[in-house]
Amino acid sequence: MKTNPEVIYLPITGIKKACRLFSTPFFLYSEKKIRENCRFFFNSFKQYFPDFRPLFAVKANPNPAILRIIQQEGFGFDCSSESELWIVKKIKGHGMHTGNYIVESELRRALTTPNVVLNLDDESMLTKVGQLGMPKTLSFRINPGIVAVTMKSLQTAGPNAKFGVPIERVVASYQKAKQMGVETFGIHMMAGSNILDEKHFYGITSKLLEIVGILKKRTGIQIDFLNIGGGFGVPYQPSERSLDLNLVAKSVRKAFDEQCHRFSLKEPQLFAEPGRYITANAGWLVSQAVVIKNSHKKFIGIDASSNDLPRPSIYGAYHHATVLNKTSKRENVTIVGSICENNDQLATDRLLPKCEIGDIIVLHNAGGHAYAMGHNYNGKTRHAEYLLMNKSNLKCIRRAETIADLFKRCNE
Ligand SMILES: Cc1ncc(COP(=O)(O)O)c(C=O)c1O
C-alpha cells in the first residue's frame with residue numbers, strides 16, 4: 001500500500017523542541033507549511049485566472065496569528081459569524097460573510113464591516129437587509145441540488161441541506177435585490193467539504209455559470225464575481241491520494257470557457273474560500289500517553305480528549321496517529337481521551353508501536369476544523385496553541401485555558 005507523505009509528515013525537530021519547553025497537550029502549527037499551502041493554492045488558480053481572489057474560511061482556524069500569516073499571503077476571509085467578522089475587521093481583512101438563519105445583530109455587523117460583502121442564504125432576509133440599509137454589492141448562496149461525494153455530514157447542498165437559495169427562487173431573489181437598490185452582484189455555492197474528487201469542482205462551476213447565464217437572459221442582471229466556496233479536500237488516511245489542485249483549477253477554467261461562450265457572458269471574477277486545504281496538514285495535536293489499559297481491547301489514554309479534536313467523535317473522522325520515536329513491534333490499540341462519553345476515541349483499532357506511559361502521541365491533520373470545533377464538555381479546559389515559525393522558533397499564539405477562565409462568567 002502506498003503511503004501519502006502529506007499525511008504522515010511531522011516537523012519532528014519542532015515537536016521535540018516544543019515538548020521540551022511546554023507541557024502536553026498542545027496544538028502545534030507550522031508557519032512554513034501554511035505559507036506553502038497558501039502559495040500553492042493561490043498559484044494553482046492564478047495561472048488560469050489572473051484576478052483570482054482567495055478567501056480563507058476563518059471557521060477552519062480562527063487564531064489571529066494564523067489569520068495574519070494567511071493575510072500576508074494575499075488572502076481575504078470568509079466569515080460565518082459575528083466573532084469572525086470582528087476579528088477580520090480587527091486585522092483589517094476583506095472578504096465575504098456567509099451566514100445562515102442569522103440574527104439581526106449579525107446581519108448588522110456584516111453590513112457594517114468594511115470591505116466585506118454580504119452573501120445571503122435566503123431571499124427572505126432581504127426585508128431585514130432593506131430595513132438596515134441596502135448594500136450596493138450583494139451575493140446569494142445557491143443550493144442547486146447537487147450532492148457532493150463526501151461524508152454525509154459534510155454535504156452542504158442538495159435537497160436535505162439547510163443552506164442556500166433553491167434554484168427555482170434564484171431569478172426572483174436577484175430581481176428583488178435589484179429593485180431594492182443593489183447595483184453589483186455575486187453568486188456563491190458551497191456544496192460540501194473535504195472533497196477529493198476533482199470533477200466535483202468542474203460540476204459546481206458549470207452549474208453556477210449556467211445559473212448566471214439564465215439569470216442574465218431572463219433579467220439582464222450581470223454577475224461580477226463567482227465564489228465556488230471551499231471544500232478542497234485533504235487526505236487524512238495514509239492510503240488516500242491528494243487532490244490534484246492544478247487539475248481542479250484547469251477544469252474550473254474549462255467550465256468558465258464553455259459556459260461564458262454558451263451564454264455570451266462577461267467573465268465573472270473567480271473567488272474560492274478554502275479552509276481545510278490551507279491549515280489542516282499544517283497542524284498537529286501533540287499529547288502524551290497517561291494510562292494504558294488492557295481491557296477487551298487495548299486502550300491508550302492520552303492527556304488530550306475529543307473536546308480538543310472533536311471530528312472523530314462527531315462524524316467518525318480518521319486522524320492519523322504517530323507514537324514519536326518508537327519503532328517497537330506494532331500492536332492493535334485504540335487511543336482515547338478522558339471524557340465520559342464512549343465516542344471520546346480519537347483513533348480506533350490502529351497498529352502502532354508498543355506504547356509506554358509518557359510516550360508522545362501525535363494526531364495529524366489537526367490544523368483545520370480541529371481546535372476551532374473544540375468545546376468544554378466535562379469541564380475540560382482548552383489547550384495551548386503554538387506556532388513553529390520559519391526559523392524553528394516557537395511562539396505561543398494562544399495560552400491554555402485555566403479553570404478560572406471556565407467559571408469567570410458565572411454568578412453564584
Ligand atoms: C460557506 C463555507 N465556506 C467555506 C468553508 C470551508 O470549507 P473547507 O474547510 O472544507 O474548505 C465552509 C466549511 O464548512 C463553509 O461552510
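The structure presented is a predicted model; accordingly, all values stated were derived computationally and were not measured.

## Some details on the site of the ligand
Here comes step 1: By nearness alone, 15 residues border the ligand, and Ser193, Gly231, Glu273, Arg276 and His369 come closest of all.
Here comes step 2: Contact distances for the ligand include 3.3 Å between an oxygen atom and a side-chain N or O atom of Lys59.
Here comes step 3: One of the backbone N or O atoms of Gly231 is found 2.8 Å from an oxygen atom in the ligand.
Here comes step 4: Across the complex, the protein chains shield 91% of the 400 Å² of accessible surface that the ligand would expose by itself.

## Quick look at the domain arrangement of the chain
Here comes step 1: When the domains of the chain are assigned, the result is domain 1 (47-273) and domain 2 (283-407).
Here comes step 2: Spacing between the C-alpha centres of domain 1 and domain 2 amounts to 33 Å.
Here comes step 3: Each partner contributes to the interface: domain 1 provides 16 residues, whereas domain 2 provides 16 residues.
Here comes step 4: Roughly 1,400 Å² of surface becomes buried between domain 1 and domain 2 when both sides are summed, with 58% attributable to carbon and sulfur atoms.
Here comes step 5: Together, Ala60, Asn63 and Tyr236 form the three largest contributors to the area buried by domain 1 at its contact with domain 2, with a combined 39%.
Here comes step 6: If you look at where domain 1 meets domain 2, you find 5 residue pairs in polar contact (both at pLDDT 80 or more).

## Let's talk about the pairing of strand 5 (residues 116-120)
Here comes step 1: The buried fraction of strand 5 amounts to 5 of the 5 residues, a majority that puts the element mostly inside the structure.
Here comes step 2: Neither face of strand 5 is left uncovered, since the one carrying Val116, Leu118 and Leu120 and the one carrying Val117 and Asn119 both have all their residues buried.
Here comes step 3: The handedness of the strand 4 (residues 95-98) to strand 5 crossover, carried by helix 6 (residues 104-112), is right-handed.
Here comes step 4: Alignment of strand 5 against strand 6 (residues 137-143), held across 3 bridges, turns out to be parallel. Paired with Leu118 across the strands is Leu138, a residue of strand 6.
Here comes step 5: Crossover connection from strand 5 via helix 7 (residues 125-132) to parallel strand 6: handedness right-handed.

## A word on the side chain of Ser30
Here comes step 1: Within the secondary structure, Ser30 sits in strand 1 (residues 26-30).
Here comes step 2: From its side chain, Ser30 meets the backbone nitrogen of Lys33 in a polar contact 3.0 Å long.

## Concerning helix 6
Spacing of three or four residues puts side chains on the same side of an α-helix, whose turn is 3.6 residues.
Here comes step 1: Every buried residue belonging to helix 6 is among Glu106, Leu107 and Ala110, and all of these are buried. One face of helix 6 carries all of its buried residues, which in axial projection span an arc of 100°.
Here comes step 2: Each element contacted by the buried residues of helix 6 is listed here: helix 5 (82-90), strand 4, strand 5 and helix 7.

## Quick word on the nonpolar core
Here comes step 1: If you look at the biggest cluster of nonpolar residues, it comprises 99 residues, and the most contacted ones within it are Phe41, Phe45, Tyr174 and Phe232.
Here comes step 2: In terms of residue count, the dominant contributor to this core is helix 9 (residues 198-219) (7 residues).
Here comes step 3: Shared between two domains, this core holds at least three residues of each, these being domain 1 (47-273) and domain 2 (283-407).
Here comes step 4: Filtering out sequence-adjacent residues up to four positions away, Phe232 remains in contact with Phe41, Phe45, Ile195, Phe201, Leu243, Leu245, Val248, Ala272, Pro274, Arg276 and Tyr277.
Here comes step 5: Core analysis: the second largest hydrophobic core is formed by 14 residues, Leu28, Ile360, Val362 and Leu394 among them.

## What about the packing of helix 9 against helix 10 (residues 245-262)?
Here comes step 1: Relative orientation of the contacting elements helix 9 and helix 10 amounts to 25°, with a least axis distance of 8 Å. Here helix 10 runs roughly parallel to helix 9, going by the angle between their axes. The element helix 9 and its partner helix 10 pack so that their crossing is right-handed. Of helix 10, the residues touching helix 9 (which contributes Glu198, Phe201, Tyr202, Thr205, Ser206, Leu209 and Glu210) are Leu247, Val248, Ser251, Val252, Lys254, Ala255, Phe256, Glu258, Gln259, Cys260 and Arg262.

## Notes on the pattern of salt bridges
Here comes step 1: Summed over the entire model, instances satisfying the criterion amount to 24 salt bridges.
Here comes step 2: Among the salt bridges present, the one from Arg169 reaches Glu123, with a minimum N-O distance of 2.6 Å. Taken as a pair, Arg169 in the loop between strand 7 (165-166) and helix 8 (170-179) and Glu123 in the loop between strand 5 and helix 7 lie far apart in primary sequence, 46 residues in all.
Here comes step 3: When its relative accessible area of 35% is taken as the criterion, Arg169 is described as partly exposed.
Here comes step 4: Glu258 is paired through a salt bridge with Lys254; the nearest N and O atoms lie 3.0 Å apart. Of this pair, Glu258 and Lys254 both sit in helix 10, 4 residues apart, roughly one helical turn.
Here comes step 5: Under the relative-accessibility criterion, Lys254 is labelled partly exposed at 46%.

Cut-offs applied
Residues numbered from 1 in each chain as written. Predicted model: local features only at pLDDT ≥ 70, side-chain atom pairs only at ≥ 80, totals over all residues. Heavy atoms only, no water. Near = heavy atom within 4 Å. Polar contact = N/O pair within 3.5 Å; in protein donor to acceptor, adjacent residues only side chain to side chain. Areas by Shrake-Rupley, 256 points an atom, 1.4 Å probe, with all protein chains shown as cover. Domains from an automatic or database assignment. Contact = heavy atoms within 4.5 Å. Buried area = accessible area lost by both parts, 1.4 Å probe. Buried < 20%, exposed > 50% of the residue type's maximum accessible area, 1.4 Å probe, protein only. Helix = DSSP H or I, 4+ residues; strand = E, 2+ residues; numbered from the N terminus. Right-handed = clockwise from strand over helix to strand, strands pointing away. Pairing = 2+ DSSP bridges. Arc of directions from axis to C-beta. Core = buried A, V, L, I, M, F, W, Y, C linked by side-chain atoms within 4.5 Å. Axes fitted to C-alpha atoms, helices over the stretch in contact; angles between N-to-C directions. Parallel < 35°, antiparallel > 145°, perpendicular 65-115°, else oblique. Left-handed = near helix turned anticlockwise from the far one by under 90°. Salt bridge = Lys/Arg side-chain N within 4 Å of Asp/Glu carboxyl O.

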